[in-house]
Amino acid sequence: MKTVTVDHVKIGEGLPKIIVPIVGKTTEDLLSEAETVHALDCDLVEWRIDFFELVHEPQSVAKLSHNLKAILEKPLLITFRTKKEGGVCELSDDDYFNLYKVIILEGDLDLLDVELFMPEKKVAETIDLAHQNGIKIIMCNHDFDKTPEKNEIITRLRSMQEKGADICKIAVMPQSSADVLTLLDATREMYEEYANVPLITMSMGALGMVSRISGQVFGSAATFGSAGTASAPGQVPVVELRKMLTTLKLS
């Protein structure tokens, strides 16, 4: 298992790292959120730019990333979540990849989120450009309706790894406690048998909350906690999340 280091944070070693999303709509909202998150005991910050009112202006996104990074003083992950995977804004594929190109070349960030089921050629070009500029890639997939079979979850994670992801992430929605076990067992098998990069996996909602705090047992290297507005169902407030992770720490 390889670790991924961004700034001073080593993902894939020790306790799962805590990522806190910021989801402000305006520049003022985001700067205020950044001040709040700066003081929190979290390891990384995710800027969900699909919430940002100026997301259709790539240069504005890139410029603001510098201000946010300076305030946060923590590693920054930038994510445009598409509508089909739970995001709040619609972009064409061309606009999505152009936005990412400008962010990579003009922004200030440590990690970039790329969705698994985007066009392969464009994904490969984006990963190459990011790596040339010292930016790590989290490749992801979300299913807000169901939990796929264990083998399908593993297949998707392996596909992300094969496409050059530095970290592979999947989030699924459970309909039963058995679905939560499916996600956890898929994580364990992927971690033990196939993974050579860190994994981030979660079962969403209240039913899947246990998956957000048990990563060290099953092989998930990071988890998302909320500072205010959660960006996905089931996120635990960051203060409580740190306590839970520490309590469940493996000796």
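As the structure is a prediction and not an experimental result, all values here were calculated from the model.

Calculation rules
Residues numbered from 1 in each chain as written. Predicted model: local features only at pLDDT ≥ 70, side-chain atom pairs only at ≥ 80, totals over all residues. Heavy atoms only, no water. UniProt positions renumbered as here; feature names shortened; annotations may be inferred. Helix = DSSP H or I, 4+ residues; strand = E, 2+ residues; numbered from the N terminus. Contact = heavy atoms within 4.5 Å. Buried < 20%, exposed > 50% of the residue type's maximum accessible area, 1.4 Å probe, protein only. Pairing = 2+ DSSP bridges. Right-handed = clockwise from strand over helix to strand, strands pointing away. Phe/Tyr/Trp six-rings, centres within 6.5 Å; stacked < 30°, edge-to-face > 60°. Lys NZ or Arg CZ within 6 Å of the ring centre and 35° of its normal.

Asker: Pulling in residues and values, what's your account of the UniProt feature "active site" (unreviewed entry) in the protein?
Answerer: In this structure's numbering, the residues bearing the UniProt feature "active site" (unreviewed entry) are His 142 and Lys 169. The named residues occupy 28 residues along the chain; their greatest pairwise C-alpha distance, 8.6 Å, places them in one compact cluster. Turning to its location among the elements, His 142 is positioned in strand β7 (residues 136-143). With residues near it in sequence (within four places) discarded, His 142 still touches Arg 81, Glu 85, Lys 169 and Ala 171.

Asker: Quick rundown of the pairing of strand β6 (residues 111-115)? Include the residues and the values.
Answerer: Within β6, five of the five residues are buried, which leaves it mostly tucked inside the rest of the structure. Neither face of β6 is open: one carries Leu 111, Asp 113 and Glu 115, the other Leu 112 and Val 114, and all of them are buried. Here two bridges tie strand β5 (residues 76-79) to β6, and the two strands are oriented parallel to one another. Among the inter-strand pairings, Leu 77 is bridged to a residue of β6, identified as Leu 111. The parallel pair β5 and β6 is bridged by helix α3 (residues 93-106), and the resulting crossover is right-handed. Of the pairings in the sheet, the one linking β6 to β7 comprises five bridges and is parallel in character. Bridging from a neighbouring strand, Leu 112 pairs with Ile 137 of β7.

Asker: Give a detailed account of the packing of aromatic side chains, specifying residues and quantitative values.
Answerer: On inspection of all chains with the given rule, the structure shows four aromatic pairs. Taking the centre distance of 5.6 Å and the plane angle of 55° together, the rings of Trp 47 and Phe 52 count as tilted. A single burial state applies to Trp 47 and to Phe 52, both of which are buried. Residues Phe 80 and Tyr 96 carry aromatic rings whose centres are separated by 6.0 Å and whose planes lie at 80° to one another, so their mutual orientation is edge-to-face. Taken together, the residues span a long stretch of sequence, with Phe 80 in the loop between β5 and α3 and Tyr 96 in helix α3 at a distance of 16 residues. Relative accessible area serves as the criterion here: at 0%, Phe 80 is assigned to the buried category. The rings of Phe 80, Tyr 96, Phe 97 and Tyr 100 are connected pair by pair, giving a single aromatic cluster. Here the basic side chain of Arg 158 rests over the ring of Tyr 194, its NZ or CZ set 3.9 Å away from the ring centre.

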